[in-house]
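# Chain and residue survey
These are the residues of each chain, in order.
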Amino acid sequence: MTRRARPPRGQNDQKPRPPRRAATPDEQREQLLMYAFRALGQRALSEAELERRMLRRNDDPGLVQAVLERVRDLGYLSDLQVAQAEAGRRGVGTGRVRQKLRQRGVGSELIEEALAARDPDDEAEDARSLLERRWPSFRRAADPQRRAFDFLMRRGYGSALIWTLLRERMAEQELEDLGTEEGEEGWAEEAE
């Protein structure tokens, strides 16, 4: 009994697949709408962000605008909600929120409206908490004030607030250092 030789891999006798038929306009609209829902399901997007993503998938601006309008009408797309969510983030200052919202394509009026809702006292407390948590690492630097200032500026806090917090922190540091020195002197006197 002899074995039949198999053809080498990749050389099947199958017929080539026919080319895919082009999607109809309704199918393209449906595909783009499903893509928009998937994208919005992963992360809240501004209208500009979603539009950019959809234009990478489909080069028909009219179709993209129709899908954007449909998603907006259904209530899944709102720049106001994106602005409010970004403005509600903790650990970042007003400057960083403004910059992030501009990058995301949110309009100036919505940005200012969202920033007006931020409480300056809460922002100051967030910055103070952040400075307290990070102070031990800043203290090891050659210029701890400079490192702390740069860090808080990158986080979007204003320079007036940062300098106020640094003055408070340095005053506390001086009191801590005085307390440590007095404790060491008292201990040295008892040892004698």
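In the block above lies the structure referred to throughout.
Residues numbered from 1 in each chain as written. Predicted model: local features only at pLDDT ≥ 70, side-chain atom pairs only at ≥ 80, totals over all residues. Heavy atoms only, no water.

## Quick look at the environment of glutamine 31
- Position of glutamine 31 relative to the elements: it lies in helix H1 (residues 25-42).
- Separated by 27 residues in sequence, glutamine 31 and asparagine 58 place their C-alpha atoms 9.9 Å apart. (Helix = DSSP H or I, 4+ residues; strand = E, 2+ residues; numbered from the N terminus.)

## Quick word on the pattern of salt bridges
- Inspection of the entire model under this criterion finds 13 salt bridges.
- With its nearest N and O atoms 3.6 Å apart, the salt bridge here joins arginine 146 to aspartate 150. Separated by four residues within a single helix, arginine 146 and aspartate 150 lie in helix H8 (residues 144-154), roughly one turn from each other.
- A relative accessible area of 26% places aspartate 150 in the partly exposed class.
- One salt-bridge network, in which partners are shared between bridges, spans Arg43, Glu49, Glu86, Arg89 and Arg104. (Salt bridge = Lys/Arg side-chain N within 4 Å of Asp/Glu carboxyl O. Buried < 20%, exposed > 50% of the residue type's maximum accessible area, 1.4 Å probe, protein only.)

## Observations concerning the packing of helix H4 (residues 79-87) against helix H5 (residues 94-103)
- Across the interface, H4 lies against H5 with an axial gap of 10 Å and an inter-helix angle of 150°. Relative to H5, the element H4 is oriented roughly antiparallel. When the axes of H4 and H5 are compared, the crossing they make is right-handed. Contacts from Val82, Ala83, Glu86 and Ala87 of H4 reach H5 at Val97, Lys100 and Leu101.
- Looking at side-chain class alone, the contact of H4 with H5 contains five nonpolar, no polar and two charged residues. (Axes fitted to C-alpha atoms, helices over the stretch in contact; angles between N-to-C directions. Parallel < 35°, antiparallel > 145°, perpendicular 65-115°, else oblique. Left-handed = near helix turned anticlockwise from the far one by under 90°. Contact = heavy atoms within 4.5 Å. Nonpolar A, V, L, I, M, F, W, Y, C, P; charged D, E, K, R; others polar.)

## Overview of the nonpolar core
- Within the largest apolar cluster, 15 residues are counted, with the highest numbers of intra-cluster contacts made by Leu50, Met54, Val67 and Val71.
- If you list the elements that add at least two residues to this core, you get H1, helix H2 (47-57) and helix H3 (61-73).
- Setting aside chain neighbours within four positions, we find leucine 50 in contact with Ala36, Ala39, Leu40, Leu45, Leu68 and Leu77.
- Of all hydrophobic cores here, the second largest spans 13 residues; its members include Leu152, Tyr157, Ile162 and Leu165. (Core = buried A, V, L, I, M, F, W, Y, C linked by side-chain atoms within 4.5 Å.)

## What about the packing of aromatic side chains?
- Within the structure shown, the criterion is met by three aromatic pairs.
- Arranged with centres 5.4 Å apart and planes meeting at 55°, the rings of phenylalanine 138 and phenylalanine 151 form a pair that is tilted. Here phenylalanine 151 lies in helix H8 and phenylalanine 138 lies in helix H7 (residues 120-139), a separation of 13 residues in the sequence. (Phe/Tyr/Trp six-rings, centres within 6.5 Å; stacked < 30°, edge-to-face > 60°.)

## Remarks on the packing of H7 against H8
- The interhelical angle for the contact between H7 and H8, taken along N-to-C directions, is 140°, at an axis separation of 10 Å. Comparing the axis directions of H7 and H8 gives the class oblique. Both H7 and H8 take part in a crossing whose hand is right-handed. Contact residues: H7 offers Ala127, Leu130, Leu131, Arg134, Trp135, Ser137, Phe138 and Arg139, while H8 offers Pro144, Arg147, Ala148, Phe151 and Leu152.
- Looking at the contact of H7 with H8, its residues break down into nine nonpolar, one polar and three charged.

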